[in-house]
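For reference, the chains in residue letters:
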Amino acid sequence: MIQMSIPLIPAEDGKLLVPAGHVTCLLRRLAADWLEPVRTGDARADEQTIEDLAGVLTELADQIDVECIGYTSTAPHS
């Protein structure tokens, strides 16, 4: 089971933000947690479905990373 703390950052408008690095880490850890039973042969669901779902989470984490890299490389630096 995944256990991790994620810091929440209050924005000026009262909304709470989560750092992107923590979101991508959570997505990758969740995908790895799903894949562990497949690797050990203890999967209770269709292994291909589990692998596909884990792949979607990993791809989403990769996409967030790419978007953040693109944003920080084009954002004005002070």
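Scroll up to find the structure.
These remarks concern the structure in this document.

**Thoughts on the overall build of the protein**
Alright, step 1. Scanning the protein from terminus to terminus reveals two helices and two strands.
Alright, step 2. Against the 2.2 N^0.38 benchmark of 12 Å for 78 residues, the protein shows a C-alpha radius of gyration of 16 Å, more extended than a compact globule.
Alright, step 3. Taken along the three principal axes of its C-alpha coordinates, the protein extends 50 × 25 × 15 Å.
Alright, step 4. By the burial criterion, 13% of the 78 residues in the protein qualify as buried.
Alright, step 5. A separation threshold of at least 6 residues defines the contact pool for the protein, and within that pool the share at least 24 residues apart is 40%.
Alright, step 6. Here the protein displays about 6100 Å² of accessible surface, and carbon together with sulfur accounts for 58% of that area.
Alright, step 7. Of the side-chain charges in the protein, 5 are positive and 13 negative, and the distance between the mean point of each set is 6 Å.

**Some points on the side chain of T24**
Alright, step 1. Structurally, T24 is set in helix α1 (residues 20-40).
Alright, step 2. Setting aside chain neighbours within four positions, we find T24 in contact with A61, I64 and D65.

**Focus: the pattern of salt bridges**
Alright, step 1. Under the criterion given, the structure shown has two salt bridges.
Alright, step 2. Note that D65 is salt-bridged to R28, the shortest N-O span being 2.9 Å. Of the two residues, D65 sits in helix α2 (residues 47-74) while R28 sits in helix α1, which places them 37 residues apart along the sequence.
Alright, step 3. Given the relative accessible area of 30%, R28 is considered partly exposed.
Alright, step 4. Three or more residues are tied together by salt bridges with common partners; here these are R28, D62 and D65.

Calculation notes
Residues numbered from 1 in each chain as written. Predicted model: local features only at pLDDT ≥ 70, side-chain atom pairs only at ≥ 80, totals over all residues. Heavy atoms only, no water. Helix = DSSP H or I, 4+ residues; strand = E, 2+ residues; numbered from the N terminus. Rg over C-alpha atoms; globule rule 2.2 N^0.38 Å. Buried < 20%, exposed > 50% of the residue type's maximum accessible area, 1.4 Å probe, protein only. Contact = heavy atoms within 4.5 Å. Areas by Shrake-Rupley, 256 points an atom, 1.4 Å probe, with all protein chains shown as cover. Lys, Arg positive; Asp, Glu negative; His and termini not counted. Charge placed at Lys NZ, Arg CZ, Asp CG, Glu CD. Salt bridge = Lys/Arg side-chain N within 4 Å of Asp/Glu carboxyl O.

Honestly, it's all geometry; don't read function into it.
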